[in-house]
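Architecture and fold: a report
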Amino acid sequence: MTVYHTSNIAITTPDIAHSRAYLDFGKGFYLTKFVEQARNYGQRFLRRGETAVMSIYELSDTIDNASFKLFSAYDGEWLDFISACRKGLPHDTFDIIEGGIADDQVFDTVDLYLAGMYTREQALDLLRYKKPNHQISITSQQVLDRHLRFINSVILT
């Protein structure tokens, strides 16, 4: 499967060590299967006057000996998981996690939930009508090294 990662540099050899903590799915190397989503993400770098580079990879279709979690909707399980990750609380760990992103609109709802301004039910009711976008977080360096192959990078404008 072709996947994309956008940053301010080309990343030919991804590693977990340079990943930020407290993201949606915790510390990991984040990718998407949607090229337009990767291109749109580049706007955050361009707005800051930085270079935006979309790196393109091939992710193995078969990944053996790895734990995998798929969140197919913005639901209670997804909300609990990203809440724990963003707060740095203990949570289940997986080698690969796939699901929706807490983008600006979704993030506002999640942020208000984390601040205690929405109940879990209120947050889920608001999230129910959002179309999930896509992210894959690979949290295992071993999986990155064995199953993600750099293809090319493109400077975005």
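The shown structure was predicted, so the numbers you read here are calculated from the model rather than taken from an experiment.

With that out of the way, let us pick up the nonpolar core. The nonpolar side chains of soluble globular proteins are, as a tendency, buried together. Phe25, Trp78, Leu79, Phe81 and Val106 are the most contacted members of the largest nonpolar core, which totals 18 residues. Within the residue set of this core, elements represented by two or more residues are α3 (76-87), α4 (104-114) and α5 (120-127). A per-element tally of this core places α3 first, with five residues. Beyond its immediate chain neighbours, meaning those up to four positions away, Phe81 contacts Asp24, Phe25, Phe71, His91, Asp92, Phe94 and Ile97. Counting 13 residues, the second largest nonpolar core, distinct from the first, contains Val3, Leu31, Leu144 and Leu148.

Below, the discussion takes up the sheet that holds strand β4 (residues 68-70). Strand order across the open sheet formed by four strands is β2-β6-β5-β4, with mixed pairing between neighbours. Edge positions in the sheet fall to β2 (29-31) and β4, since each of these pairs with one other strand and no more. Neighbour to neighbour, the strand axes of the sheet diverge by 15 degrees on average, direction disregarded. Pairing analysis gives four bridges linking strand β5 (residues 96-99) to strand β6 (residues 135-138), with the strands arranged antiparallel. Within β6, the residue paired with Glu98 across the bridge is Ile136.

Okay, the side chain of Gln135 next. Checked against the element boundaries, Gln135 lands in strand β6. Separated by 3.0 Å, the side chain of Gln135 and the backbone oxygen of Gly100 make a polar contact.

Once that is clear, we can look at the sheet that holds strand β1 (residues 2-7). The three strands are arranged β1-β3-β7 in an open sheet whose pairing can be described as antiparallel. The sheet is open, and its two borders are formed by β1 and β7 (148-156), each paired with just one other strand. Neighbour-to-neighbour, the strand axes of the sheet open up by a mean angle of 25 degrees, direction not taken into account. Sheet analysis places β1 next to strand β3 (residues 52-59), joined by six bridges and oriented antiparallel. Bridge assignment links Thr6 to a residue of β3, and that residue is Met54.

Across the two faces of β6 the burial is the same, with Gln135 and Ser137 and Ile136 and Ile138 all buried. Here β2 runs beside β6; their pairing, made up of three bridges, is antiparallel. Across the sheet, Leu31 pairs through a bridge with Ile136, a residue of β6.

Aromatic ring pairs are reported here in terms of the distance separating the ring centres and the angle at which the planes meet. Applying the stated criterion across every chain, the model contains eight aromatic pairs. Aromatic side chains Tyr57 and Phe150 sit 5.8 Å apart centroid to centroid with 70 degrees between the ring planes, which places their arrangement in the edge-to-face category. Of this pair, Tyr57 sits in strand β3 while Phe150 sits in strand β7, placing them 93 residues apart in sequence. Taken together, a centroid distance of 6.2 Å and an interplanar angle of 45 degrees make the contact between Phe81 and Phe94 tilted. In this pair, Phe81 is assigned in helix α3 and Phe94 in the loop between α3 and β5, connecting sequence segments 13 residues apart. Judged on exposure class, the residue Phe81 and its partner Phe94 are both buried. Through a chain of ring-to-ring contacts, three or more aromatic side chains come together here, namely Phe25, Phe71, Phe81 and Phe94.

Cut-offs and rules
- Residues numbered from 1 in each chain as written.
- Predicted model: local features only at pLDDT ≥ 70, side-chain atom pairs only at ≥ 80, totals over all residues.
- Heavy atoms only, no water.
- Core = buried A, V, L, I, M, F, W, Y, C linked by side-chain atoms within 4.5 Å.
- Buried < 20%, exposed > 50% of the residue type's maximum accessible area, 1.4 Å probe, protein only.
- Helix = DSSP H or I, 4+ residues; strand = E, 2+ residues; numbered from the N terminus.
- Contact = heavy atoms within 4.5 Å.
- Pairing = 2+ DSSP bridges.
- Axes fitted to C-alpha atoms, helices over the stretch in contact; angles between N-to-C directions.
- Polar contact = N/O pair within 3.5 Å; in protein donor to acceptor, adjacent residues only side chain to side chain.
- Phe/Tyr/Trp six-rings, centres within 6.5 Å; stacked < 30°, edge-to-face > 60°.

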